[in-house]
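Fold and contact review
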Amino acid sequence: MRIHPEEDKKRIFKNKMHRLSLCKCLLLLTPVFSGCYAISGMDYQRYNFSSIILNLIWVLVTQSQNIYGSITLTVSPSSDVELNQTVTLQCSFESNPIAALFYSSRNPTSSFCALESSGGVCKQSVCSSNYITSCPDDTTYSVQYPVPQSWNGATVFCTGLLTGNERSTNITFSVTVLVTSVTLTPSQITVDVSKQTTLTCQTDYCNPAAIITWYKSSTVISSQVTSTTDSNSDGFHRTTSILTYTGVAVDNGQQVYCRASNRQGQQVESNRGLLNVKHPPSSDPVITASPPGLQYDSGTRVNLTCQLSGGNPIATLSWRCKGVDMTGINQSNSYTAVSVLSLVMDSSYNNRQCTCTANHRLLSTPKSTSVTLVVNVLVTSVTLTPVHITVDVSKQLTLTCRTDYCNPAANITWYKSSTVISSQITSKATITDSYSNGLHRTTSVLTCIGVVGDNGQQVYCRASNIQGQQVESNRGLLNIRYPPSTDPVITVSPPGLQYDNGTRVSLTCQLSGGNPIVTLSWRCKGVGMTETNQSNSTTAVSVLSLVLDSSYNNRQCTCTANHRLLTSTKSDSVLLTVFYNNVITSNLNAEYVISEHGRLQIHCDVVGNPLSTITWLFVQNNTVVKNESNVSSSSLDITSANCLDHGSYKVTAENGKGPAAVRTYRVAVRCKPRLYEIDSQTSEKLGIGNNESLQIFVKFLLYPPGTQTQWKFTGKNNQSNVIENNKDGYRVTDTKGEIKQNVTLYKSSVNVEEFGSYTITVQNDVGTFSRIYHVDSARRPSLPANVTLICDNPSHVELSWISNFNGGDSQTFKISYSTAGESSYKDLEIISDKGYGILHSYTPSIELQGAVWFTVTASNLFGKSTSDAVNCIIIKIEEKASHQTETVVGSVVSSVAFIVAVTVLVIFLRRRYTCSCTCKIKMKIERIHENVKATDLSKDESQNSLAEQNVLGERSVYEELKERETGNQYQELSTKEKEESKTETYESIQRVSGDSKYEELSTVSKKQDQGDQTYYNSQTVTPTDVYVNTSFQN
């Protein structure tokens, strides 16, 4: 251990210097100073130069090595001492060290005693008051003191104040501490025989370590002992000894303890533990009986005593007689287990054992002893079973009489109302079972057939096993069961079986006879009902009270008689009729959302009596789309939805028994933008004069509403720009409804630079629509295209053409013909324009024959354009007749084949096109009226101003398509037809129109459904995305 005594040396040296005179200091250090005077401790602290001198002296002293020679430290009497024994430490120097310092390893940084000699007297510094010190001269220093316990293992040395780093050799102390206690655990020592337990003895801390010896009742135990020693921080030792003890029965009650000693002739003893060795008894229990002997009459009291000595603890005794645990009286003492069982003998003990069993925790198997009892028993009872004797008529009945256990076996006799029954008896031999050892039980079985006349008579039996003594059984009453022979009958109050809703009706069901009487049950409308039972002992009566409602209509109420002996069901039923107001039972959604061209089916179920009239109404235009009478359900089927199917619908059901049932729902059709009512909006080709106003009016159908509407102008120089509202003279109005949007582009004055293409684009969440309006200076119309003439016979001459650009003004078509070549044309009729790119046709109302030429002239306010002439030769019918005789048969066959082929083709194309066949005789009359209307229309249009004609625009393909679909348009019906078809259903309209209500004529329409939303003008392209027809439009 490293020790640093420098600080103590400085402190002592400073004290020493306090006592030196200033003259000595000057002589040692410098001749500069002269004169002598004393410096006290207080003066020393007051002058800085004194501290400087002390530090210089300390440096000189500490840097000198071995100036004073060796240092010797001695101890007496020895460094091996008893606790608190007084020792003397003497430190000797070769020269005066000024002061002697003593150090211990317990506190190496500070001396435990510092001595300096002054005239043979010690001046102590840092020494305990109980230390005795001695300083006989300037080189010998000693200290005497009692050694404490903490010095055990401590190292002591000494050094001088002026010896520098030199110090004495080390002396190490060993302090003897006697053992004072040893403890035995556990104090309660319990162990099973042949089992091991661990006992521990442990000393307190001492020095040297103690030795432990084990004892059992003054006998040393030397085997199965292990000892260990541990030490603490002071170097003292604790001994722990463990004894592994195996239980031996003879050791029971002996004492175990230990003794500890760490110095000869001295020892301490532990507490003592008492051995409690558990062991079982070695012998079997013994049973004695009182009175003696093991055969008794019934009723005798017998005491059985069971004894067993030995064991620690003594055994626990238990009784078991005739297989049942019994409770004995415990009379045990500390050495012997005793149990007494008191019994009153009866038949149950006959030939049965009573066993006494000794139970001990250490017994591998219990020890037991048994005795067998014999009891003489008389018959005391005979029992008839079953107690309740019930038998179906004509069925076999088995009755049993059985005695209790007795000895000898008893005889049984049967009786019916005091008369002995000797026939139909089967006697069964007595047997001994495991529960009645040595006793006999007699069983007799009676078999009989149920007869109605025996109903109510008593049956019993008697038993005897000693002459003159008998016992009688319980008596059973014969209950012969039989069913009723008739059916139940239902009566109704009030009478009659037709009632209004809410009427209370009582149904009474009755049925007499049978044993027992029948049980009546009700079942109405397939559900069990709860009735009121009014039955008596002979007649079953059940009354069912009902308040009638719709659930009982046309449903049966059945009363069923239930009897276990009935081979077939007996019942009566009534059929109820209930009149009640109709109710719509279908769960109709508040809104149905469907995509364009999708199919929507809505089913409405109605419950009511009588049947209902169901009407479907399109609320937007108050149109009845379907009406059905005397029905309980109806469906509305929109096979291919379009935007005009969007709106509110109402379904109404009524049957005259109350207010009508009404449900309203909404249909939302998601459709992309497209034109609507094209005949009332601007044509896609406009011709206007320079500096005249421009107005383009566009109507759209779409849902949901548009998210973006934009106009774009492209000039003749192909430069484009977006038109903004109220900029550059343009004014854009945009009016939006739920499914309709009207857009108007207006400019009060248009110059030549503003002629070009105006494109409108409308977009919603479903898609985008664009249309180009070509605005140019007004001119005469373009030539009619595809002029064709068909001349089959005088009664079938048909001229057709396709309308072209109208030059920016409303145009008409003048039909002219000539029979003298391409000159001298005569005007036949003026036809109104149906719209750009529409096929027009005309059949002359006059009879023609021979060669004939036709022209079509398109006219507007700015001029006219005449087509090239087309011609054909018309042959009279009588001239053809002679040539047709030979081909009649072939023509007929060919015609039949052609008709079949056409029929198949029409059926195939019916979903896209509608064909109409018109009698030519009737057509002539219609054409006359058409000519008059067309002429009037032409006159009206010629009187309109140019601006008004631009607003109206040209007739669109919409009119042509309406003409071809006349059969499925509400607006095309005559007044008479409308009156006759007020109740026409939606299905009938669908049968006429098929899928043509959204029919589009050009391939461009098909492409636009595939994503091409831009339309281009040509002589053969029709405007697309135009709703032609709706299902529910007036």
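Scroll up to find the structure.
We now turn to the structure provided with this report. Predicted, not measured: the structure shown is a model, and the values here were computed from it. (Residues numbered from 1 in each chain as written. Predicted model: local features only at pLDDT ≥ 70, side-chain atom pairs only at ≥ 80, totals over all residues. Heavy atoms only, no water.)

What follows covers the sheet that holds strand 30 (residues 367-376). The mixed open sheet is built from five strands, whose spatial order is 23-30-29-25-26. The open sheet has two edge strands, strand 23 (295-297) and strand 26 (324-326), and neither has a second partner. Averaged over all neighbouring strand pairs, the angle between strand axes comes to 30°, with direction disregarded. Where strand 29 (residues 352-359) and strand 30 come together, seven bridges link them in antiparallel fashion. Across the sheet, residue cysteine 356 finds its bridge partner in strand 30, namely threonine 369. (Pairing = 2+ DSSP bridges. Helix = DSSP H or I, 4+ residues; strand = E, 2+ residues; numbered from the N terminus. Axes fitted to C-alpha atoms, helices over the stretch in contact; angles between N-to-C directions.)

Right, let's get into the state of the cysteines. For the coordinates displayed, the defined rule picks out eleven disulfides. Each sulfur of the disulfide joining cysteine 401 and cysteine 461 lies 1.8 Å from the other. Judged by the sign of its S-S torsion, about -100°, the bond between cysteine 401 and cysteine 461 is left-handed. On the criterion of sequence distance, the pair formed by cysteine 401 in strand 33 (residues 396-403) and cysteine 461 in strand 38 (residues 458-466) is long-range, its members being 60 residues apart. (Disulfide = S-S within 2.5 Å.)

Quick look at the sheet that holds strand 66 (residues 796-802) now. Taken in spatial order, the three strands of this open sheet run 65-66-69, and their pairing is antiparallel. Single-partner strands in this sheet number two, and they are strand 65 (785-793) and strand 69 (839-842). Strand-to-strand, the axes of this sheet are offset by a mean angle of 15°, without reference to chain direction. Across six bridges, the pairing between strand 65 and strand 66 is antiparallel. Bridge pairing links alanine 785 to isoleucine 802 in strand 66.

Right, let's talk about the environment of asparagine 721 for a bit. With respect to the secondary-structure elements, asparagine 721 resides in strand 60 (residues 720-723). Contacts of asparagine 721, omitting those with residues within four sequence positions, involve Lys712 and Phe713. (Contact = heavy atoms within 4.5 Å.)

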